[in-house]
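Here's the letter readout for the chains.
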Amino acid sequence: MRTDRPARGSAHWRVDAWLWLLQRASAAVLAVCVAVHLATIFYAVHAGLTAQTILGRMHASIAWPAFYVLFVVAAAVHAPIGLRAVAAEWLGFGGRRADLVAAAIGIALLALGLRAVWALAR
Amino acid sequence: MTAGTAQAGGLSRERRPETAPLPSSQLDVVIWRSGAGGRLERFSVPRAPSQTVLDVVTWIQRHLDATLAYRFACRVGMCGSCAMTVNGVARWTCRTHVDRVAPAGRLELRPLANLPVIRDLVCDMREFFDKWTAAKGAFVPTATRRDPPARVPPASRERRHADAAIECIGCGVCYASCDIVAWRPAYLGPAALNRAWTLENDVRDGARVARLAAVAGDAGCHACHSQASCTERCPKHLAPTASIAGLKRLASRSLFERDR
């Protein structure tokens, strides 16, 4: 017999609902970002752009760094929420521990991603 | 078989030639028997026209092994008590024809998944119905007997949402078919959430805010991955997936409202 019961305070469901909403919203952003990112890579490869040219374009406009900052933020929001669910459902690793691990992964993704954007844009 | 078969045949909606040849005169039936860790036991059952899986189980209990435990009541798809796992899929056995699910004449019958087994094909449904209670699946009236009857326009959005989900008879097929229930034991499951959705759309109900709090979150609607096994398997052709999506919409909207 299972003994765990759905237990939550009135505030806790709001956190879950916010995470769910944020993951959907970030997925919508990612769908656009990934498409633009891949299309740009195809274009760059076919047009024979060199690394130097690409770096030059990153420096020339604020739009590309801004785009990749948005991309990084969306990924850093999206991935840990999904990993938290995977941990709870497939690894039997839920609760506060999973929350902390997911938050750490999110912060790491954000830091590494922003550092990469900064390295290309500065 | 006798009268039971003739009745089941008469109730069948499927069109089949009366003289359809039976592939073999015997069915090879394997049934889960509990006790000492459990094992599968093999039976040979004569085939009959329009034979249902429930007919097969009943025949075994009457003629081969009187100790076989299974659950049924109405035999006509109204009570929701005879659901079992038939060749790997949760189904009402009373409305499942052997011809449809076992063309090769082989049946494997197990109790419903995701529920504790009491004996043989009988599950303990307590947990399933406890979750209906946890999801506040009971109507909370706001009017008294002295008030006039509520007028709910049949064409209103809420009424149409409730109508689409209301015919659930609590058989547990969706619950047994849901992977999320298997992965997250605290998950309320499709039937309880579907029930909650009907009440969230009942304009007469007085507990809609409290109910939404009870069914939202990781043990409730937000755990659903919309895999739609419940909708695929529901014998009443309901769409619990759509009901759960509706609850997610309600919860998302309420995040931006002050009073909820």
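Residues numbered from 1 in each chain as written. Chains lettered and ligands numbered in written order. Predicted model: local features only at pLDDT ≥ 70, side-chain atom pairs only at ≥ 80, totals over all residues. Heavy atoms only, no water.

Novice: So what exactly am I meant to see when it comes to the overall build of chain B here?
Specialist: The number of helices and strands found in chain B is eleven helices and seven strands. The dimensions of chain B, computed from C-alpha atoms along their principal axes, are 65 × 40 × 35 Å. Across the 260 residues that make up chain B, the buried fraction comes to 48%. Carbon together with sulfur atoms contributes 52% to the accessible area of chain B, which is approximately 12900 Å² in total. Side-chain charges of chain B comprise 37 positive and 24 negative groups, with the mean position of each set lying 3 Å from the other. (Helix = DSSP H or I, 4+ residues; strand = E, 2+ residues; numbered from the N terminus. Buried < 20%, exposed > 50% of the residue type's maximum accessible area, 1.4 Å probe, protein only. Areas by Shrake-Rupley, 256 points an atom, 1.4 Å probe, with all protein chains shown as cover. Lys, Arg positive; Asp, Glu negative; His and termini not counted. Charge placed at Lys NZ, Arg CZ, Asp CG, Glu CD.)

Novice: It is not clear to me how the interface of chain A and chain B should be interpreted in this structure. Could you clarify?
Specialist: How big an interface is tends to be stated in terms of accessible area lost as the parts join. Every contact between the two is made by 18 residues of chain A and, on the other side, 30 residues of chain B. Summing both partners gives a buried area of about 2300 Å² for chain A against chain B, and 57% of it is carried by carbon and sulfur. In this assembly, chain A and chain B are joined by two salt bridges. Close ionic contact of R84 of chain A with D218 of chain B constitutes a salt bridge, the shortest N to O distance being 2.9 Å. Put simply, chain A and chain B have four residue pairs in polar contact (both at pLDDT 80 or more) between them. Listed by contribution, the elements that provide at least two residues to the side of chain A that touches chain B are α1 (12-46) and α3 (63-90) of chain A. For the side of chain A that touches chain B, the element with the highest residue contribution is α1 of chain A, accounting for seven residues. Looking at the side of chain A that touches chain B residue by residue, the classes come out as ten nonpolar, no polar and eight charged. (Contact = heavy atoms within 4.5 Å. Buried area = accessible area lost by both parts, 1.4 Å probe. Salt bridge = Lys/Arg side-chain N within 4 Å of Asp/Glu carboxyl O. Polar contact = N/O pair within 3.5 Å; in protein donor to acceptor, adjacent residues only side chain to side chain. Nonpolar A, V, L, I, M, F, W, Y, C, P; charged D, E, K, R; others polar.)

Novice: Which parts of the structure should I look at to understand the pairing of strand β5 (residues 106-110) of chain B?
Specialist: For a regular strand, side-chain orientation follows a simple rule: the groups alternate between the two sheet faces. Residue and element names in this part refer to chain B. Alternating residues of β5 divide into L107 and L109, all buried, and R106, E108 and R110, none buried. The pairing of strand β1 (residues 26-33) with β5 spans four bridges and is classified as parallel. Looking at β5, one finds that I31 is bridged to L109. In terms of strand pairing, strand β3 (residues 83-86) meets β5 through two bridges, oriented antiparallel. Looking at β5, one finds that V86 is bridged to L109. (Pairing = 2+ DSSP bridges.)

Novice: Just checking my understanding: could you explain the state of the cysteines for this structure?
Specialist: Working definition of a disulfide: a covalent bond connecting the sulfur atoms of two cysteines. Under the criterion given, the structure shown has zero disulfides over all chains. We note that C174 of chain B lacks a disulfide partner, and the nearest cysteine sulfur, in C168 of chain B, lies 6.2 Å from it. (Disulfide = S-S within 2.5 Å.)

Novice: Would you mind showing me how to read the nonpolar core here?
Specialist: The tendency in soluble globular proteins is for nonpolar side chains to be buried as a group. The biggest cluster of nonpolar side chains holds 66 residues, and the ones touching the most others in it are V29, L107 and Y187 of chain B. Here the element with the most residues in this core is helix α2 (residues 53-63) of chain B; it accounts for six residues. When near neighbours in sequence (up to four residues on either side) are disregarded, V29 of chain B contacts E41, R42, F43, V45, V56, I60, L107 and L109 of chain B. In this structure, L30, C33, F67 and V72 of chain A belong to the second largest nonpolar core, which totals nine residues. (Core = buried A, V, L, I, M, F, W, Y, C linked by side-chain atoms within 4.5 Å.)

Novice: I keep staring at the domain arrangement of chain B and nothing clicks. Help me out?
Specialist: Residue and element names in this part refer to chain B. Domain boundaries in chain B define domain 1 (3-123) and domain 2 (126-255). Distance from the C-alpha centre of domain 1 to the C-alpha centre of domain 2: 30 Å. The interface of domain 1 with domain 2 comprises 14 residues on the first partner and 16 residues on the second. Counting every contact that joins domain 1 to domain 2 gives two residue pairs in polar contact (both at pLDDT 80 or more). Here the side of domain 1 that touches domain 2 gets four residues from one element, more than from any other, and that element is strand β4 (residues 89-92). A per-class count over the side of domain 1 that touches domain 2 returns ten nonpolar, three polar and one charged. (Domains from an automatic or database assignment.)

Novice: When you look at a positive patch on the surface in this model, what are you seeing that I'm missing?
Specialist: Residues and elements named next belong to chain B. Taken together, the side chains of R157, R160, R249 and R253 define a basic patch exposed on the protein surface. Going through the elements one at a time, α5 (157-165) and α11 (240-255) are the ones with two or more residues in the positive patch. Relative to the elements of secondary structure, R157 occurs in helix α5. (Patch = residues over 30% accessible without salt bridge, like charges linked within 9 Å, V, L, I, M, F, W, Y side chains within 5 Å.)

Novice: In this structure, what is going on with the packing of α3 of chain A against helix α4 (residues 95-121) of chain A? I would like to understand it.
Specialist: A packed helix pair is summarised by two numbers, namely the angle formed by the two axes and the spacing between the axes. Residue and element names in this part refer to chain A. Direction vectors running N to C along α3 and α4 enclose 165 degrees, while the axes themselves pass 8 Å from each other. Classified by the angle their axes make, α3 and α4 are roughly antiparallel. In this structure, α3 crosses over α4, and the sense of that crossing is right-handed. Facing α3, whose interface residues are P65, Y68, V69, V72, V73, A75, A76, A79, P80, L83 and R84, α4 presents D99, A102, I105, G106, L109, L110, G113, L114, V117 and A121. Taken together, the residues that form the contact of α3 with α4 break down as 17 nonpolar, two polar and two charged. (Axes fitted to C-alpha atoms, helices over the stretch in contact; angles between N-to-C directions. Parallel < 35°, antiparallel > 145°, perpendicular 65-115°, else oblique. Left-handed = near helix turned anticlockwise from the far one by under 90°.)

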